[in-house]
Amino acid sequence: MTPAPSAYHQRVAEEKRALIVQAATELFLELGYDRASLARVAASAGVSKATLFKQFPTKAALFDAIVIDSWARNEVADVPPAGDLTAGLTVLGRHYATLLSRPEMTDLFRIVIAELPRFPELARAHFAQGKLPYFESVRIYLSAEHDAGAADVADPEMAATHFLGMISNYLLWPRLVLPDWTVTPDRTTAVVDEAVRTMVARYGRLAS
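Because the structure is a prediction, the values reported are computed rather than measured.

Thresholds applied
- Residues numbered from 1 in each chain as written.
- Predicted model: local features only at pLDDT ≥ 70, side-chain atom pairs only at ≥ 80, totals over all residues.
- Heavy atoms only, no water.
- Helix = DSSP H or I, 4+ residues; strand = E, 2+ residues; numbered from the N terminus.
- Buried < 20%, exposed > 50% of the residue type's maximum accessible area, 1.4 Å probe, protein only.
- Contact = heavy atoms within 4.5 Å.
- Expected span 1.5 Å × (residues − 1).
- Phe/Tyr/Trp six-rings, centres within 6.5 Å; stacked < 30°, edge-to-face > 60°.
- Axes fitted to C-alpha atoms, helices over the stretch in contact; angles between N-to-C directions.
- Parallel < 35°, antiparallel > 145°, perpendicular 65-115°, else oblique.
- Left-handed = near helix turned anticlockwise from the far one by under 90°.
- Nonpolar A, V, L, I, M, F, W, Y, C, P; charged D, E, K, R; others polar.
- Core = buried A, V, L, I, M, F, W, Y, C linked by side-chain atoms within 4.5 Å.

S.K.: Explain the side chain of Thr-188 to me, please; I cannot follow it from the model alone.
M.R.: In this fold, Thr-188 is placed in helix 10 (residues 185-203). Residue Thr-188 is classed as buried on the basis of its relative accessible area, which comes to 14%. If near-sequence neighbours (up to four positions away) are discounted, Thr-188 is found in contact with Ala-97, Ser-101, Leu-171 and Val-183.

Encoded structure:
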């Protein structure tokens, strides 16, 4: 029976994994997904090829890890409870704004967009493993508010698209094409708060 890895070895493995993911992200941006070989990623991360292949046997698996790590960081543990549309949307919106404001998220979108013509599977992986799970959490929350009577959301999918779009259209998309686009923390808060107010005005029900 193989003994369980010690806490020390687990920590070392996690540190090496983080180095590999960071090196891969930088090389994918610099060289493109196709030209950034796994051997080059290993050299840039300062790990052996055996160590890299043990964690990521293919380049696709490595890209999946970049996507999952980017979207899962600062992950909200649970969908907010239903009953207070303003409070719940504020929690989800601020978390989404935090994700989109990270430089790593901008890098991820740039990789996907740059490689889309040759590697459409990267876009599918990005959507399926990154955006879709977060989108689903917002859709499920809005459905719960509708069922609880706190909101009138006949089409939760459309409503979730509206909400996340109001935030990403200000915080993310301009930054992809305008290198000097910056948004202060106060402005970020205002963007989320305005999106929440718009959603409450459109879908909220007044308490009886």
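Now that the structure has been shown, the text picks up again.
S.K.: How do you make sense of helix 1 (residues 7-31) when you look at a structure like this?
M.R.: An α-helix turns once every 3.6 residues. As a result, residues three or four positions apart point the same way. Under the 1.5 Å per step criterion, the end-to-end length of helix 1 is 36 Å for 25 residues, consistent within 8% with the ideal 36 Å. Residues of helix 1 that are buried include every one of Ile-20, Val-21, Ala-23, Ala-24, Thr-25, Leu-27, Phe-28 and Leu-31, and no others. On its buried face, helix 1 sits against helix 2 (38-45), helix 3 (49-55), helix 4 (59-72) and helix 6 (103-115). Phi for Gly-32, located one or two positions after helix 1, is positive at around 95°.

S.K.: Looking at this structure, I do not really get the packing of aromatic side chains. What am I missing?
M.R.: Note on aromatic pairs: each is described by the distance of the centres and the angle between the planes. For the structure on display, the rule yields six aromatic pairs. Each ring, one from Tyr-33 and one from Phe-119, has its centre 5.0 Å from the other, and the planes form 65°; the classification is edge-to-face. Here Phe-119 lies in the loop between helix 6 and helix 7 (120-148) and Tyr-33 lies in the loop between helix 1 and helix 2, a separation of 86 residues in the sequence. In this pair, the class of Tyr-33 matches that of Phe-119, namely buried.

S.K.: What should I look at first to understand the packing of helix 5 (residues 85-101) against helix 10 in this one?
M.R.: As a packed pair, helix 5 and helix 10 sit with axes 9 Å apart at the nearest point and diverge in direction by 140°. The angle between the axes of helix 5 and helix 10 places the two elements in the oblique class. For the crossing formed where helix 5 meets helix 10, the hand is right-handed. Seen from helix 5, the contacting residues are Leu-85, Thr-86, Leu-89, Thr-90, Gly-93, Arg-94, Ala-97 and Ser-101; seen from helix 10, they are Thr-188, Thr-189, Val-192, Asp-193, Val-196, Met-199, Val-200 and Tyr-203. A breakdown of the residues in the contact of helix 5 with helix 10 according to their chemical character gives eight nonpolar, six polar and two charged.

S.K.: How should the environment of Gln-129 be read in this particular structure?
M.R.: Examined against the element boundaries, Gln-129 turns out to sit in helix 7. Once the C-alpha coordinates of Gln-129 and Phe-163 are considered, the two residues, 34 residues apart in sequence, prove to be 20 Å apart. Excluding anything up to four places from it in sequence, Gln-129 contacts Asp-64, Val-67 and Ile-68.

S.K.: How do you make sense of the nonpolar core when you look at a structure like this?
M.R.: Counting 58 residues, the largest nonpolar core has Phe-28, Leu-62, Phe-63, Trp-71, Leu-142, Phe-163 and Ile-167 as its most contacted members. Broken down by secondary-structure element, the contributors of at least two residues to this core are helix 1, helix 2, helix 4, helix 5, helix 6, helix 7, helix 8 (156-171) and helix 10.

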